[in-house]
Number of protein chains: 2
Amino acid sequence: MRLRNKPWAREKISAHPQYIIPNPEEAKGHWHEIFGNNNPVHIEVGTGKGQFVTGMAKQNPDINYIGIEMYESVIVTALDRLIEAGLPNLKLLNVDGAELLNYFEKGEVGRVYLNFSDPWPKSRHAKRRLTYKTFLSLYESLMPEGGEVHFKTDNQGLFEFSLKSFSEYGMLLTFVSLDLHNSSFEGNVMTEYEEKFSAKGQRIYRSEARFQPRP
Amino acid sequence: MRLRNKPWAREKISAHPQYIIPNPEEAKGHWHEIFGNNNPVHIEVGTGKGQFVTGMAKQNPDINYIGIEMYESVIVTALDRLIEAGLPNLKLLNVDGAELLNYFEKGEVGRVYLNFSDPWPKSRHAKRRLTYKTFLSLYESLMPEGGEVHFKTDNQGLFEFSLKSFSEYGMLLTFVSLDLHNSSFEGNVMTEYEEKFSAKGQRIYRSEARFQPRP
């Protein structure tokens, strides 16, 4: 998305430590204490303006959500949503998704959501796609056995790549929709992008893939 | 497809034993003798009117092809094509794809093609889909380790089902196209259906999946 420079963003983020965790390295291994319960923790990598993760947190009060977004100028909009909604089961992290190992212990994350991630269409940028094998390995290292990655995109090339990448990594495909909005799938929470693109008649692709036990 | 009764079909089939193998049980274990060479044998299950398998045999003279079609009234059209083309590397089999074990030894088939197979859209008919696990098991039992299933369809539901089915069976997805005719894939040979449906602007889906070594 287009990034606007928002010089006031950092200050606003600092002013809301109850929503955007200020020293996330210190949260590692302590997420259940932070949320004050033992509910599962689901994370969204690249949470953008936060419409999806806020909607999910409203829909599922017994799951804890963490929206991860590296851009200050974007996460402030998610922060506004969260201030308005005042959800106890949602936190935000202003960090780079590639460095998740710094913020979570093995097994601390129950599920990873990826929504409309940057497609990085050039082959030489394949390693930057959030479904590339190094990222899958990263997610696997945060979750208990059988953890799942739930993925949505409108980008055909990224979806083709990701299905192969999940398979090559040894993951099990448990859900595939090639046209989510014309399917029987229930309870879909839309992202900002999804609303915009699907209104134009663009297909939305969705998959669920599960990490398998290592032999 | 709509089947027309063609009472003369059986007679015509019998008249061309060099193209449509008359006693296919006896061919089991002898396909390399029948073709007179040691080239790989690729089969198409549900070959219909034979446009795909004839085109592939022309394009790849160093591969032996066998088109398998259970309906006499349909395979006669494939026979006409083969008589006209006179290809030494193509044979037809007028048998039920569910009974392939009667006609091939383990390892005798190098690759299986499935094109525009009947989608059997009702859940209670899922077992009849040619990508259901019992069929995958059948194909695996004909091929050496690492054998592949190449699949094309215009049916979204069948493609979604098949990707999951390949994955659940433990196969590796090595190719996925969600819009074959607008992709960079080269050398595509179209079936009769494919020509008709793609001319209407319908998307064609294509995948390649590889059987994996058993632990």
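What you see is a predicted model, and the numbers here were worked out from it, not measured in a lab.

Undergrad: In this structure, what is going on with the overall build of chain A? I would like to understand it.
TA: Along the backbone of chain A there are 8 helices and 7 strands. Its C-alpha atoms give chain A a radius of gyration of 17 Å, near enough to 17 Å, the size a compact globule of 215 residues would have. Structurally, chain A occupies a C-alpha span of about 45 × 40 × 35 Å along its principal axes. In chain A, which comprises 215 residues, the proportion classed as buried is 51%. Taking the intrachain contacts of chain A between residues at least 6 apart in sequence as the baseline, contacts between residues at least 24 apart amount to 77%. In the form shown here, chain A has an accessible surface area of approximately 10,300 Å², with 47% of it arising from carbon and sulfur atoms. In chain A, 26 positive and 27 negative side-chain charges are present, and the distance between their average locations comes to 7 Å.

Undergrad: When you look at unusual backbone geometry in this model, what are you seeing that I'm missing?
TA: With glycine set apart, most residues show a phi of negative sign, and most peptide bonds adopt trans. All names here are of chain A. Even without being glycine, W120 reaches a positive phi, approximately 40°. One can find W120 in the loop between β4 (111-115) and α6 (133-140). Overall, W120 belongs to the partly exposed group, its relative accessible area being 25%.

Undergrad: Just checking my understanding: could you explain the interface of chain A and chain B for this structure?
TA: Where interface size is given, it is often the accessible area lost as the parts come together that is meant. Taken together, the contacts link 18 residues of chain A with 18 residues of chain B. When the two sides are added together, the surface that chain A and chain B hide from each other amounts to roughly 1,500 Å², 59% of it contributed by carbon and sulfur. Counting across the chain A and chain B interface gives 0 salt bridges. Linking chain A with chain B are 6 residue pairs in polar contact (both at pLDDT 80 or more), by the criterion used here. Within the residue set of the side of chain A that touches chain B, elements represented by two or more residues are α7 (156-168) and β6 (172-177) of chain A. The element that contributes the greatest number of residues to the side of chain A that touches chain B is α7 of chain A, accounting for 7 residues.

Undergrad: What's the story with the environment of F185 of chain A in this structure? I'm lost.
TA: All names here are of chain A. On the secondary structure map, F185 appears in the loop between β6 and α8 (192-199). Under the relative-accessibility criterion, F185 is labelled partly exposed at 28%. Setting aside anything within four residues of it in sequence, one finds F185 in contact with F175, L180 and R206.

Undergrad: Would you mind showing me how to read the relation of the copies chain A and chain B here?
TA: Note: a rotation about an axis with an accompanying shift along it relates these two copies of the chain. The two copies are related by a screw motion: chain A maps onto chain B through a turn of 180° and a shift of 0.0 Å along the axis, at an RMSD of 0.0 Å. Considering both components of the superposition, the chain copies are consistent with a two-fold axis. Of every C-alpha in chain A, the one belonging to S167 of chain A sits nearest the axis of rotation, 3.5 Å from it. Both copies present the same face, since 100% of the interface residues in chain A are matched by interface residues at the equivalent positions in chain B.

Undergrad: Looking at this structure, I do not really get the pairing of strand β4 (residues 111-115) of chain B. What am I missing?
TA: Each regular strand carries side chains that alternate between the two faces of the sheet. All names here are of chain B. Of all 5 residues in β4, 4 are buried, a share of seventy percent or more. Pairing of β4 with strand β5 (residues 148-153), which is carried by 5 bridges, proceeds in the parallel orientation. Note on β5: the bridge partner recorded for V112 is V149. Each parallel crossover has a hand, and the one from β4 via helix α6 (residues 133-140) to β5 is right-handed.

Undergrad: How should the pattern of salt bridges be read in this particular structure?
TA: Two side chains of opposite charge can pair, provided their charged atoms sit close to one another. Residues and elements named next belong to chain A. The final tally for this structure, using the stated rule, is 12 salt bridges over all chains. Where E192 meets R81, a salt bridge forms, and the shortest distance between an N and an O atom there is 2.6 Å. In this pair, E192 is assigned in helix α8 and R81 in helix α5 (residues 72-85), connecting sequence segments 111 residues apart. In this structure, the salt-bridge partner of K152 is E194, at a minimum N-O distance of 2.8 Å.

Undergrad: Looking at this model, I keep getting lost on the packing of aromatic side chains. Mind explaining?
TA: Here the distance between the centres and the angle between the planes together describe a pair of aromatic rings. Residue and element names in this part refer to chain A. In this structure the tally under the stated criterion is 20 aromatic pairs over all chains. Pairing F135 with Y139 gives two aromatic rings, centres 6.3 Å apart and planes at 35°, and the pair type is tilted. Note that F135 and Y139 are positioned in helix α6 at a spacing of 4 residues, about one turn of the helix. For F135, a relative accessible area of 11% puts it in the buried group.

Conventions and cut-offs
- Residues numbered from 1 in each chain as written.
- Chains lettered and ligands numbered in written order.
- Predicted model: local features only at pLDDT ≥ 70, side-chain atom pairs only at ≥ 80, totals over all residues.
- Heavy atoms only, no water.
- Helix = DSSP H or I, 4+ residues; strand = E, 2+ residues; numbered from the N terminus.
- Rg over C-alpha atoms; globule rule 2.2 N^0.38 Å.
- Buried < 20%, exposed > 50% of the residue type's maximum accessible area, 1.4 Å probe, protein only.
- Contact = heavy atoms within 4.5 Å.
- Areas by Shrake-Rupley, 256 points an atom, 1.4 Å probe, with all protein chains shown as cover.
- Lys, Arg positive; Asp, Glu negative; His and termini not counted.
- Charge placed at Lys NZ, Arg CZ, Asp CG, Glu CD.
- Buried area = accessible area lost by both parts, 1.4 Å probe.
- Salt bridge = Lys/Arg side-chain N within 4 Å of Asp/Glu carboxyl O.
- Polar contact = N/O pair within 3.5 Å; in protein donor to acceptor, adjacent residues only side chain to side chain.
- Least-squares fit on C-alpha atoms with pLDDT ≥ 70 in both.
- Pairing = 2+ DSSP bridges.
- Right-handed = clockwise from strand over helix to strand, strands pointing away.
- Phe/Tyr/Trp six-rings, centres within 6.5 Å; stacked < 30°, edge-to-face > 60°.

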